[in-house]
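# Working through the structure, step by step
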Amino acid sequence: MGIDLPLIWAIIILFGIMMYVVMDGFDLGIGILFPFLPAKEDRDVMMNTVAPVWDGNETWLVLGGAGLLAAFPLAYSVILSAFYLPLILMLVGLIFRGVAFEFRVKSEAGKRRMWDKAFAGGSYVATFFQGVTLGGFIQGVPVSNGAYAGGPLDWITPFALFTGAGLLSAYALLGSTWLIMKTESSLQQRMRELARYLMWVLLAVIVVISIWTPLAEARIGERWFSFPNIVWFSPVPLLVALTTYGLLRALRRDSHITPFVLTLALIFLGYSGLGISLWPHIIPPSISIWEASGPAQSLGFTLVGALLIIPIILMYTIWSYWVFRGKVRHGEGYH
């Protein structure tokens with residue numbers, strides 16, 4: 001039996017995207033929370049919690065995109081053709097927040113508000129269009145003769161727009177629980193209170209999408225509710241309920257790390273549900289990872305490079321988070 005290179009590459013890309021969602025999610029979440037905390041001192045602390053690591057967080061997005069091009073060129077061409085506009089808007093948002101992050105520190109007091117708005121606006125735009133792209137992807141992409149067969153605005157649907165809005169709540173919850181872990185005193189307490197509301201909003205989003213998706217897409221409904229799949233997949237919604245209960249308890253107590261860990265678990269469960277719904281189709285509803293993969297020689301050659309670079313990325317990521325693992329206080333750095 002030979003090595004299943006498309007499967008290995010699919011796992012690498014899924015891992016890279018999941019790492020991006022987790023690590024850049026709380027980063028974007030901090031920008032989403034900016035309008036709720038107008039005080040300069042609070043915003044300075046929020047920025048300082050991610051300043052040492054935010055550049056590296058987006059490495060995983062590059063890895064996922066480059067891996068898709070190298071291993072699944074058909075999927076790369078079709079997906080980008082279908083979602084050019086939302087993906088470009090997402091990148092514009094990321095550029096705005098990146099520039100604002102650097103210039104805010106160096107700007108005069110009178111211009112800092114402008115960069116605050118650019119940072120928050122870029123975070124909202126990038127997150128919303130990530131969610132819109134995800135929603136459009138779940139609904140499926142029409143393909144004919146190996147090329148995208150839809151229109152440039154087919155991604156604008158009620159489900160995709162709702163998914164975009166829902167991802168805002170997910171990243172905001174990640175950002176608030178990150179700040180619970182990394183800050184102290186009044187800012188931490190305000191984040192604890194805000195996280196309780198965001199948790200219920202995210203839970204409502206999960207419930208709506210979980211009902212909407214199988215009703216709108218028969219293939220997904222059959223995947224989840226046919227026997228014996230319903231038995232094998234039933235732990236996912238049960239774990240979502242248990243994780244939500246644990247998160248609510250952690251927010252009511254004086255827990256610092258647990259809320260963030262449980263929010264990560266909630267995001268991972270949502271990601272797992274998405275994988276269950278779509279697997280093994282890399283271009284829903286019908287093109288699998290094996291049908292969309294490149295030549296075996298290309299997959300093997302690029303896999304060697306991936307297996308060399310991924311451990312390096314993991315090592316410097318772990319090291320940077322370990323070095324800057326302390327709390328951030330008003331007017332001070334890490335402790």
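Residues numbered from 1 in each chain as written. Predicted model: local features only at pLDDT ≥ 70, side-chain atom pairs only at ≥ 80, totals over all residues. Heavy atoms only, no water.

### Details of the overall build of the protein
Within the protein, the regular secondary structure consists of 15 helices and four strands. Projected onto the principal axes, the alpha-carbon positions of the protein cover approximately 60 × 40 × 40 Å. When the accessible surface of the protein is totalled, it reaches about 16,100 Å², and 73% of it is carbon and sulfur. Each charge sign in the protein was given a centre, from 21 positive and 19 negative side chains, and these centres are 8 Å apart. (Helix = DSSP H or I, 4+ residues; strand = E, 2+ residues; numbered from the N terminus. Areas by Shrake-Rupley, 256 points an atom, 1.4 Å probe, with all protein chains shown as cover. Lys, Arg positive; Asp, Glu negative; His and termini not counted. Charge placed at Lys NZ, Arg CZ, Asp CG, Glu CD.)

### Quick look at the nonpolar core
Ranked by size, the top nonpolar core spans 98 residues in total, and within it W9 and F72 carry the most contacts. Ignoring anything within four residues of it in the chain, the contact list for W9 reads G67, A71, F72, L299, T302, L303 and A306. (Core = buried A, V, L, I, M, F, W, Y, C linked by side-chain atoms within 4.5 Å. Buried < 20%, exposed > 50% of the residue type's maximum accessible area, 1.4 Å probe, protein only. Contact = heavy atoms within 4.5 Å.)

### Here's the deal with the packing of aromatic side chains
Scanning the model with the defined rule gives 14 aromatic pairs in all. Summarising the aromatic geometry, the rings of W178 and Y321 are spaced 6.3 Å apart at their centres and angled 85° between planes, so their arrangement reads as edge-to-face. You can see W178 sitting in helix 8 (residues 158–182) and its partner Y321 sitting in helix 15 (residues 296–323), a full 143 residues away along the chain. Here the aromatic cluster, defined as three or more aromatic residues joined through ring pairs, consists of F26, W178, F260 and Y321. (Phe/Tyr/Trp six-rings, centres within 6.5 Å; stacked < 30°, edge-to-face > 60°.)

### Some points on the side chain of T317
One can find T317 in helix 15. For T317, a relative accessible area of 6% puts it in the buried group. Those residues in contact with T317, other than ones at most four positions away along the chain, are M23 and W60.

### Focus on the packing of helix 1 (residues 5–33) against helix 8
In a packed pair of helices, the relevant descriptors are the angle between the two axes and the axis-to-axis distance. Interhelical geometry of helix 1 versus helix 8 gives an angle of 90° and a closest axis separation of 7 Å. Between helix 1 and helix 8, the crossing angle belongs to the class labelled roughly perpendicular. Together, V21, V22, G25, F26, L28, G29, I30, I32 and L33 of helix 1 and L168, Y171, A172, L174, G175, S176, W178 and L179 of helix 8 make up the contact between the two elements. (Axes fitted to C-alpha atoms, helices over the stretch in contact; angles between N-to-C directions. Parallel < 35°, antiparallel > 145°, perpendicular 65-115°, else oblique.)

### A word on the side chain of R97
Within the fold, R97 resides in helix 6 (residues 84–106). Here the side chain of R97 touches D27 through a polar contact of 2.9 Å, side chain to side chain. Setting aside residues no more than four positions away along its own chain, R97 makes contact with D24, D27, L28, W54, E58, A118, F119, G122 and S123. (Polar contact = N/O pair within 3.5 Å; in protein donor to acceptor, adjacent residues only side chain to side chain.)

### Remarks on the pattern of salt bridges
In total, this model carries six salt bridges according to the counting rule given. Of the charged contacts, one joins R97 and D27 as a salt bridge, the two residues approaching to 2.9 Å between their closest N and O atoms. In this pair, R97 is assigned in helix 6 and D27 in helix 1, connecting sequence segments 70 residues apart. Comparing R97 with D27 shows no difference in burial state: the two are buried. (Salt bridge = Lys/Arg side-chain N within 4 Å of Asp/Glu carboxyl O.)

### Section: unusual backbone geometry
Following F227, the chain continues into P228 via a peptide bond in cis, with omega recorded as 5°. As for its placement among the helices and strands, P228 is situated in the loop between helix 10 (218–225) and helix 11 (229–233). At the junction of W279 and P280, the peptide bond is cis and its omega measures out at 0° in the coordinates. Topologically, P280 is positioned in the loop between helix 13 (258–278) and strand 3 (281–283). In this structure, N145 takes a positive phi of about 55° despite not being glycine. Positive phi, normally seen in glycine, also occurs at S185, with a value near 55°. With respect to the secondary-structure elements, S185 resides in helix 9 (residues 185–216). Overall, S185 belongs to the exposed group, its relative accessible area being 52%.

### Re helix 12 (residues 235–252)
With 18 residues, helix 12 should cover 26 Å at 1.5 Å per step; its first-to-last C-alpha distance of 26 Å lies within 8% of that length. Among the residues of helix 12, those classed as buried are V236, V240, T243, T244, L247, L248, A250 and L251. All buried residues of helix 12 lie within an arc of 160° about the axis, which places them on one face of the element. Every exposed residue of helix 12 that faces more than 90 degrees away from the buried side is listed here: L238, L242, Y245 and R252. On its buried face, helix 12 sits against helix 8, helix 9, helix 10, helix 11 and helix 13. (Expected span 1.5 Å × (residues − 1). Arc of directions from axis to C-beta.)

### Notes on a nonpolar patch on the surface
Together, Y84, I88, V92 and F96 line one region of the surface with nonpolar side chains, adding up to about 390 Å² of accessible area. For Y84, the position within the fold is in helix 6. Assessed through its relative accessible area of 47%, Y84 is described here as partly exposed. (Patch = residues over 30% accessible without salt bridge, like charges linked within 9 Å, V, L, I, M, F, W, Y side chains within 5 Å.)

### Some thoughts on the confidence of the model for the protein
Looking at the protein as a whole, the pLDDT averages 87, with 97% of positions reaching at least 70. Highest mean pLDDT in the protein belongs to helix 8 (93); lowest belongs to helix 3 (residues 54–57) (76). (pLDDT = per-residue confidence, 0-100.)

### Focus: the environment of I276
Mapped onto the elements of the fold, I276 is located in helix 13. For I276, a relative accessible area of 16% translates into the label buried. The spacing of I276 and V53 is 223 residues in sequence and 31 Å in space, taken between C-alpha atoms. In this structure I276 touches R223, W224, F233 and V236, once residues within four positions along its chain are discounted.

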